[in-house]
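Notes for the structure review
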Amino acid sequence: MIPLLLNDTAMAVSLGALSKKYPLQAVSGSHTRYLGGEFWALKDISLSIPQGHILGILGRNGSGKTTLLNVVAGIVPPTKGKVVTKGKVLGLFNLGIGFQDELSGRENIFLNGSIIGAGKTELENALSAIIDFSELGDFIDMPLGSYSQGMRLRLGFSIIAHLDFEVLVIDEILTVGDILFQNKCFQRLIEFKHSGKTLLITTQSMDLLERLCDTVALLEHGCLLFHGEAEKAVNHYYALLNAKKFFVGLPKENVRMVETTKKWADNRSEWGLRLGTKEAEIHSLSLYNKFGLLCKRIRSGQPLKLRVNFSVNTIIKDPHFGIAIFRKDGVYCYGPNTLFDGHKIPELKKGKGWFSLHYKKLWLAPGEYVLSVAIWDKYETVAFDYHCGYYTLLVTGADNRDNKLLDVKAKYKLSRKKYRPYTFIKKSDARAIMPFLSDASVHKQQYAGIEIQSFLLSHPSGQKKGIFITNQPVMFRITISTHLLEEKGRDIWFGIFREDGIYCHGISFAIENDTRITLVYPQLPLLPGKYGVSIGLSNKKTRRPFLHFPGIHSFCMTFDKHDHGTVYLEHSWAWKMA
Amino acid sequence: MVAILQEIFSRRNLLYELVMRDLKIRYARKSMGFLWTFLMPFATVITFYVIFCQILKVKIGEAPFFLYLMSGVFSWRFFHDSVAAATTCLTDNKKLVQEPAFPHYFIPLAITLANVINFLPSLFITVVISLFVSRGNVIFIFSLPFIICIHVCLTAGVAVIFSILYVRWRNVKYVVELFLFEAFYATPVFYSIYLIKATFPDIFFKIFLCNPFTGILNLYRIALLRGFYDMTKNDLSIFSLIIGPLVFTIGILILGYMLYERHKTIINDYLSG
């Protein structure tokens, strides 16, 4: 594993590859039964919060926010990974934790305070300040059972606010009080921040997050999707919510983050057929290049516009348009439709019309492709007209003999490192990670002691991850043990394979005697699914590969949108009835 | 073990608040307040007296039946109430205990301590009555603090064990009910040990005396009932009376400690699950 800087003294809270598992239990009657399954509430979360910072945690219900706070506060232990906190951690969780309804507010201050760990004298000294801050007045001597939710919050917050701590964890409560009290809390939190306390808060109030937090972490299904500026996190969150909302009511697989997509054509024998109910008819498909001129072929990486002319015979409610691209061998490249993209077309009237799909950059590698065009009903179950694999698209460009799918650009950086005794990635491990990449033709060879020393996948900010969102930046860092790599003139080849072995993308460049290769994709446009990475070294002159590491690492892509295919291409739709 | 004692000492304020919480909840906003402490035990004593002395005509030679009952019922009730209340205490106080670094065993411990505080006044009354009513050597009364100490340790140990087990296995509640029910009848609360000796073979009587609750109850009686020791010293050696419960108590405390050490990190997992 990658060592984390857990002993960094500037960090008040450091989480290293933190995971939390709960056993799945079913409740029948008064008995709790173990279901045999397990539920990962948190998956591999690494975060660090500098002292004096406020971290907001954002995510839908059940995304792991509270579990994360619980683990940070030390209430539940992590299953894997490490939590390092500096100083005393206090938690302000669901209202009423540590409160006793039968006791008065004053008595509860002492009870709650001593549970939190305050001494009697500390509490006695702070008592009047706590009561003042809570603005409860005479209610302080009434039993807590008679308090409203807001009053409980005020008391709970007031106690916390007057005790000593280094790290404070607050769970979704600040929105309970009225505006005046909220402002007071807000001010108090800012005061904490200025006095060097570290805060972790969860809230559903985006406004509060943006005003208060230095950074915001976005959680989804226990994974850390994003950690950074509040505004960006909130935008990500809204995107996530919208994508979900759109799929409410559709099959269950759509409710979650999309984890895999369709990767092959349904039936290649149907290519060239026109199917459908013919309530609408597709007449023609034309391709336009970046100058808006009609064309037959397109250069890889150039904009492409596809325009479809159709006519409608009866009124059609809620139709959807779709255009899918397949490679000649049936690999499903990309199949966007207006349904997935969230467009709503109320109805098509009788008559002629057109729709168009505009790709900003067609990243497909040179080769021959096949297009399907369809007009679907509301749920993509009945096609009004479906031209299956009817059109061909020729993509030109550089030589693509190795038959990759994608020609996306990447930046790379080379650097040298001093010799370090190398640690082997064991052969058996590599197999276990990517069993599907048993590339039979080339076997991994031990050549003159060259080994991949470490392999790191991360967000460019340095966050180590194993799951990425489609079209988000990804960084690969490869370190090669190199003391024997003195001979000059080597090429390194870096390839990404799909789970079933389809070669998605590859890049190769000279490395001289550099040992550390950093490869950054500003956007990795791979659709949800499992992918694996292979690395090869070849002689620059002879171009003969002499070393191959198949499937040394695997990673997953997820997406907040439903899509078909393997690669994601930025696009936009337009349509019009004549 | 030492760490536990240190923790209890350093967070004695928390323990105090928890005990006070228990007492306050019990008596807050109830008419007659503290009087309830006496009412229930005395009602039990009177009921037992009517049933066993008047109707069933149980004969007890060691002491007046009323005093014999009081000494047994009060101390048994203390044990029974503590264990019964402590079994579900962690789940009942889920909201309370899910705080950072909260020592979970404080809750059953606090319940035991609150119950001993409830138990003391009725014990005091028993002491006063026995001083006037019965005759015999009064010296044993000074062993009372020691006996109470063992009794509290034993009760707290059992309470902690059951409370932790209940968090994991909710069936434990029924086991505890059964256990308390059987233990009540296996302990000479309302009958004389000589009835057992007379009815069953000698070996059974020896086993019966091994019951640590019998031992503790007899210790109470030696302390409270003047003349009890003189009457029973031929059958009960004072060493078997003391060593039995003492060894059992230490065993229970060690077991409770080991159980807590194994579960302290995962209790909250089970509570929130």
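**Regarding the overall build of chain B**
On a plain count of helices and strands, chain B comes out with 15 helices and zero strands. Among the 273 residues that make up chain B, the fraction classed as buried is 40%.

**A short note on the overall build of chain A**
If you tally the helices and strands in chain A, you get eight helices and 31 strands. Sequence-distant contacts in chain A: of pairs separated by 6 or more residues, those separated by 24 or more amount to 76%.

**Concerning the sheet that holds strand β3 (residues 54-59) of chain A**
Residues and elements named next belong to chain A. Ordered by their spatial adjacency, six strands build an open sheet running β5-β6-β7-β3-β8-β9, and the pairing between neighbours is mixed. The open sheet terminates on both sides in strands that have one partner only, identified here as β5 (89-92) and β9 (223-228). Taken over all neighbouring pairs, the strand axes of this sheet differ in orientation by 15° on average, direction set aside. Here β5 runs beside strand β6 (residues 167-171); their pairing, made up of four bridges, is parallel. The residue bridging leucine 92 from the neighbouring strand is isoleucine 170, located in β6.

**Focus: the confidence of the model for chain A**
Close inspection of predicted coordinates is inappropriate for parts of the model with low pLDDT. Residue and element names in this part refer to chain A. On average, residues of chain A score 77 in pLDDT, and 80% of them are at 70 or above. Ranking the elements of chain A by mean pLDDT puts helix α8 (residues 427-433) last, at 35, and strand β14 (residues 304-312) first, at 91. Across residues 28-33 the pLDDT falls below 50, and counting only partners more than four positions away or on other chains, this stretch makes nine contacts in the model. Predicted confidence for residues 244-255 stays below pLDDT 50, and this span has five contacts to residues more than four positions away or in other chains.

**As for the sheet that holds strand β12 (residues 294-295) of chain A**
Residue and element names in this part refer to chain A. Ordered by their spatial adjacency, five strands build an open sheet running β12-β11-β14-β19-β31, and the pairing between neighbours is antiparallel. Both edges of this open sheet fall to β12 and β31 (571-577), since each of them pairs with a single strand only. Examined bridge by bridge, strand β11 (residues 280-288) and β12 share two bridges and lie antiparallel to one another. Considered in β12, the bridge of leucine 287 is made with cysteine 295.

**Some points on the packing of helix α4 (residues 65-87) of chain B against helix α8 (residues 144-168) of chain B**
Residues and elements named next belong to chain B. α8 packs onto α4 with a crossing angle of 25° between their chain directions and a minimal axis gap of 8 Å. Here α4 is positioned roughly parallel relative to α8, judged by the angle of their axes. Relative to α8, α4 is oriented so that their crossing is right-handed. The segment α4 lies against α8, with Ser75, Phe78, Phe79, Ser82, Val83, Ala86 and Thr87 engaging His151, Thr155, Val158, Ala159, Phe162, Ser163 and Tyr166. When the residues that make up the contact of α4 with α8 are grouped by side-chain class, the tally is eight nonpolar, six polar and no charged.

**Quick notes on helix α14 (residues 238-263) of chain B**
Residues and elements named next belong to chain B. The first and last C-alpha atoms of α14 sit 38 Å apart over 26 residues, in line with the 38 Å expected at 1.5 Å per residue. Of the positions making up α14, those classed as buried are Leu241, Gly244, Pro245, Thr249, Ile252 and Gly256. Contact partners of the buried residues in α14: α8, α11 (202-210) and α12 (212-224).

**Re the environment of asparagine 218 of chain B**
Residues and elements named next belong to chain B. Tracing the backbone through its elements, the reader meets asparagine 218 in helix α12. Sequence-wise, asparagine 218 and serine 71 are 147 residues apart; in three dimensions their C-alpha atoms are separated by 9.3 Å. If we skip the residues at most four places from it in the chain, asparagine 218 touches Leu236 and Leu241.

**Quick look at the nonpolar core**
By size, the foremost hydrophobic cluster in this structure holds 213 residues, and its most contacted members are Val72, Cys333 and Val567 of chain A. Sort the elements by how many residues they give to this core and α8 of chain B lands first, with 13 residues. In contact with cysteine 333 of chain A, other than residues within four places in its own chain, are Ile325, Phe326, Arg327, Leu364, Tyr369, Leu405, Gly565, Thr566 and Val567 of chain A.

**A short note on the environment of serine 508 of chain A**
All names here are of chain A. With respect to the helices, strands and loops of the structure, serine 508 is situated in strand β27 (residues 503-510). Looking at serine 508, the number of C-beta atoms within 10 Å reads 16, which means it is partly exposed. Leaving out residues up to four positions away in the same chain, serine 508 has contacts with Asp491, Ile492, Trp493 and Phe494.

**Focus on unusual backbone geometry**
The phi torsion at glutamate 135 of chain A lies on the positive side, around 55°, for a residue other than glycine. Its identity is not glycine, yet asparagine 471 of chain A carries a phi of approximately 70°, on the positive side.

**Quick notes on the pairing of strand β20 (residues 367-376) of chain A**
All names here are of chain A. Across the ten residues that make up β20, a large majority, nine, are buried. Note: β20 against strand β21 (residues 383-396), nine bridges, orientation antiparallel. From the neighbouring strand, glycine 367 faces β21, where its bridge partner is valine 395.

**So, α12 of chain B**
Residues and elements named next belong to chain B. Between the first and last C-alpha of α12 there are 18 Å, a value that for 13 residues agrees with the 18 Å anticipated at 1.5 Å per step. Here α12 lies mainly inside the structure; twelve of its 13 residues are buried. Buried residues of α12: Phe213, Thr214, Gly215, Ile216, Leu217, Asn218, Leu219, Tyr220, Arg221, Ile222, Ala223 and Leu224, and no others.

**Structural notes on the environment of alanine 374 of chain A**
Residue and element names in this part refer to chain A. For alanine 374, the position within the fold is in strand β20. Judged by local crowding, alanine 374 falls into the buried class, with 23 C-beta atoms found within 10 Å. Note: C-alpha distance between alanine 374 and alanine 280 (94 residues apart in sequence) is 9.7 Å. Excluding residues within four positions of it along the chain, alanine 374 makes contact with Gly322, Ala383, Asp385 and Tyr386.

**Topic: the packing of α12 of chain B against α14 of chain B**
Residues and elements named next belong to chain B. Interhelical geometry of α12 versus α14 gives an angle of 130° and a closest axis separation of 8 Å. In this view, α12 runs oblique relative to α14, as classed from their interaxial angle. When the axes of α12 and α14 are compared, the crossing they make is left-handed. Residues Pro212, Gly215, Ile216, Asn218 and Leu219 of α12 touch α14, and the partners they reach there are Leu241, Gly244, Pro245 and Phe248. Partitioning the contact of α12 with α14 into residue classes produces six nonpolar, three polar and no charged.

**Focus: the confidence of the model for chain B**
Residue and element names in this part refer to chain B. On average, residues of chain B carry a pLDDT of 86, and 97% of them reach 70 or more. Mean pLDDT across the secondary structure elements of chain B bottoms out at helix α15 (residues 267-272), with 78, and peaks at α8, with 93. Two numbers describe this predicted complex: its pTM, 0.58, and its ipTM, 0.82.

What counts and how
- Residues numbered from 1 in each chain as written.
- Chains lettered and ligands numbered in written order.
- Predicted model: local features only at pLDDT ≥ 70, side-chain atom pairs only at ≥ 80, totals over all residues.
- Helix = DSSP H or I, 4+ residues; strand = E, 2+ residues; numbered from the N terminus.
- Buried ≥ 20, exposed ≤ 12 C-beta atoms within 10 Å, placed from the backbone.
- Contact = placed C-beta atoms within 7 Å.
- Pairing = 2+ DSSP bridges.
- Axes fitted to C-alpha atoms, helices over the stretch in contact; angles between N-to-C directions.
- pLDDT = per-residue confidence, 0-100.
- Parallel < 35°, antiparallel > 145°, perpendicular 65-115°, else oblique.
- Left-handed = near helix turned anticlockwise from the far one by under 90°.
- Nonpolar A, V, L, I, M, F, W, Y, C, P; charged D, E, K, R; others polar.
- Expected span 1.5 Å × (residues − 1).
- Core = buried A, V, L, I, M, F, W, Y, C linked by C-beta atoms within 7 Å.

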